[in-house]
Amino acid sequence: MGDMGRVPVGIVGASGYGGVQLVRLLKEHPGVELVYLGGESSAGKPFSDLYPHLGHQVDLTIEPIDLEQIAARCQVVFLSLPNGLAYKMAPTLLEKGCKVLDLSADYRFADIETYTAWYGGDRNDKAIAASAIYGLPELYRDRIASAQLVGCPGCYPTASLLALSPLLKQGLILPETAIIDAKSGTSGGGRQAKTHLLLAEADNSLGAYGVARHRHTPEIEQICSDLAGHEVTVQFTPHLIPMVRGILATVYATLRDPGLVREDLITIFNAFYRNAPWVKVLAGGVYPQTKWACGTNLCYIGVEVDPRTDRVIVMSVIDNLMKGQAGQAVQCMNLMSGWEETLGLPQMSFYP
Ligand SMILES: NC(=O)C1=CN([C@@H]2O[C@H](COP(=O)(O)OP(=O)(O)OC[C@H]3O[C@@H](n4cnc5c(N)ncnc54)[C@H](OP(=O)(O)O)[C@@H]3O)[C@@H](O)[C@H]2O)C=CC1
Ligand SMILES: CC(=O)N[C@@H](CCC(=O)OP(=O)(O)O)C(=O)O
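Residues numbered from 1 in each chain as written. Chains lettered and ligands numbered in written order. Predicted model: local features only at pLDDT ≥ 70, side-chain atom pairs only at ≥ 80, totals over all residues. Heavy atoms only, no water.

Next up on the list: the site of ligand 2. Of all residues adjacent to ligand 2, which total 13 residues, the nearest are Asn83, Arg108, Tyr209, His214 and His216. The side chain of His214 places a nitrogen or oxygen atom 2.7 Å from an oxygen atom of ligand 2. Protein chains bury 77% of the 440 Å² of accessible surface belonging to ligand 2 in isolation. When grouped by side-chain class, the residues that make up the shell around ligand 2 number 5 nonpolar, 7 polar and 1 charged. When residues of the shell around ligand 2 are assigned to domains, at least three fall in each of domain 1 (3–152 + 325–336) and domain 2 (155–318). (Near = heavy atom within 4 Å. Polar contact = N/O pair within 3.5 Å; in protein donor to acceptor, adjacent residues only side chain to side chain. Areas by Shrake-Rupley, 256 points an atom, 1.4 Å probe, with all protein chains shown as cover. Nonpolar A, V, L, I, M, F, W, Y, C, P; charged D, E, K, R; others polar. Domains from an automatic or database assignment.)

What follows is the structure, encoded as structure tokens:
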């Protein structure tokens, strides 16, 4: 145990966008003590050199990644790294008894072959991957609570699956008709320099990318299939929009029963999420704005039916760095630690 009975936690990849959000959340979390920050090119730098505005709160230096050392000092470790690194680190940390939350795609897939088909790599941690729990608490709360390893969902899958889950679980839609049209702010691409994310490239512009081949498609399909009880394929198209934080996923699907009206669906969504403190289903005719979720761990959902086309339209917004990444990981840590799901997580956006 760390200071005053708090659980000692560490972040590997603390210099990145996920890392700095985790620092912000964990420094203010009443159940933990942040004892270790790790990195690669940032190793040796005081965290306050990277993020001077947080220097008065965080007196830690980024350290090299030494797994034995990390395991000796931390009970819970967050891995916030590019894809393909966590599966080389998690086995040692788990063996030493740490709880591990991976923010990358490495432990999101039950089937390791699906991972390698989309992400590449040469993996020999099949049993460990099979033991990982998909970190979407609204669907897998009980399994997360007893997990040692959690593969936290991608940002687009979080927004998309929270929109689709009640519909699939209750068999309300024809699954193959599901179309996910999603938009993300540029922080979704991480902090490393990428030309298309420069202000001069991304500003005043809106476009699709990864059409019919984005890596989040198999992740969304895996969970949709689990909910539907049979294999499901979906159409997923992401877009980059000129803002920093936030995702809007607009999901369209054909209703099995064309007699259902908007209020029926809102009642069903509210029942599905009655024990989910981080999902807010909006009243009829209210559609969510990304800024409502900004800086919070919330997902806002709006539901509409078009009786002319017999389609349901669900709009789901999250902050990609919070419910889409660091916030959700902390939500999972709360469950794994037996704490309230809401502990230490912001509930109110700073926007008007
Ligand atoms: N951004 C988003 O909205 C979301 C991202 N994710 C996933 O979360 C993970 C982190 O993303 P994000 O925070 O955006 O990424 P960033 O690019 O902002 O940060 C990456 C971090 O990884 C570290 N790193 C890079 N290469 C290495 C290496 N070879 N060895 C050790 N550490 C390394 C960097 O450390 P250093 O600076 O020291 O080199 C940095 O701290 C990714 O897997 C991403 O796909 C998931 C959901 C949403
Ligand atoms: C805007 C933007 O570039 N978004 C990223 C989302 C990254 C992410 O969260 O994906 P993983 O965690 O699954 O790697 C993308 O589309 O690749």
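Text resumes after the structure shown.
Let us now look at the pattern of salt bridges. Counted under the stated rule, the structure contains 12 salt bridges. Ionic pairing is found between Lys96 and Glu68, a salt bridge with its closest N-O pair at 3.2 Å. One end of the pair, Lys96, is in the loop between helix 4 (86–95) and strand 4 (99–102); the other, Glu68, is in helix 3 (residues 67–73), and 28 residues separate them in sequence. Measuring nitrogen to oxygen at the nearest pair gives 2.8 Å for the salt bridge that ties Arg308 to Asp306. In this structure Arg308 comes out as exposed when scored by relative accessible area, which is 70%. Look at Asp306 and you get buried, because its relative accessible area is 17%. Members of the salt-bridge network, linked through shared partners, are Arg262, Glu263 and Glu304. (Salt bridge = Lys/Arg side-chain N within 4 Å of Asp/Glu carboxyl O. Helix = DSSP H or I, 4+ residues; strand = E, 2+ residues; numbered from the N terminus. Buried < 20%, exposed > 50% of the residue type's maximum accessible area, 1.4 Å probe, protein only.)

Turning our eyes to something else, we now look at the side chain of Thr237. When you line up the elements, Thr237 lands in strand 9 (residues 235–240). Dropping the residues within four chain positions of it, Thr237 is found in contact with Ile180, Asp181, Ala182, Ala208 and Val211. (Contact = heavy atoms within 4.5 Å.)

Within the fold, Leu321 resides in the loop between strand 13 (311–318) and helix 13 (326–336). Judged by relative accessible area, which is 6%, Leu321 ranks as buried. Separated by 133 residues in the primary sequence, Leu321 and Gly188 have C-alpha atoms spaced 7.4 Å apart. When neighbours within four sequence positions are excluded, Leu321 is seen to be in contact with Tyr17, Gln21, Ser187, Arg245, Ala326 and Gly327.

The subject of this paragraph is the environment of Ile318. Looking at the element boundaries, Ile318 is found in strand 13. For the pair Ile318 and Val261, spaced 57 residues apart in sequence, the C-alpha separation works out to 25 Å. Leaving out residues up to four positions away in the same chain, Ile318 has contacts with Cys155, Thr158, Ala159, Gly246, Ile247, Ala293, Leu298, Cys299, Lys323 and Gly324.

Here we take up the site of ligand 1. Inspection of the region around ligand 1 gives 29 residues, with Ser15, Gly18, Ser41, Ser42 and Leu81 positioned closest. At a separation of 2.6 Å, an oxygen atom of ligand 1 approaches a polar backbone atom of Leu81. Within the contact set of ligand 1, an oxygen atom lies 2.8 Å away from a backbone nitrogen or oxygen of Arg191. The protein chains hide 85% of the 900 Å² of surface that ligand 1 would expose on its own. For the shell around ligand 1, a count of residues per class yields 9 nonpolar, 17 polar and 3 charged. Residues lining the shell around ligand 1 come from more than one domain, with at least three contributed by each of domain 1 (3–152 + 325–336) and domain 2 (155–318).

Those residues carrying the UniProt feature "active site" (unreviewed entry) are Cys155 in this numbering. Its location among the elements puts Cys155 in helix 8 (residues 155–169). For Cys155, a relative accessible area of 13% translates into the label buried. (UniProt positions renumbered as here; feature names shortened; annotations may be inferred.)

Turning our eyes to something else, we now look at helix 11 (residues 262–272). Within the span of helix 11, buried status applies to Leu265, Ile266 and Phe269. Buried positions in helix 11, seen along its axis, are confined to an arc of 100° and lie on one side of it. On its buried face, helix 11 is in contact with helix 8, strand 11 (279–281), strand 12 (299–306) and strand 13. (Arc of directions from axis to C-beta.)

As a further point, take the sheet that holds strand 13. The strand order 8-9-7-10-13-12-11 describes an open sheet built from 7 strands, whose pairing is mixed. Two strands close off the open sheet at either side, each with one partner strand: strand 8 (207–208) and strand 11. Pairing of strand 8 with strand 9 involves 2 bridges; the strand directions are antiparallel. Counterpart to Gly207 in the pairing with strand 9 is Leu240. (Pairing = 2+ DSSP bridges.)

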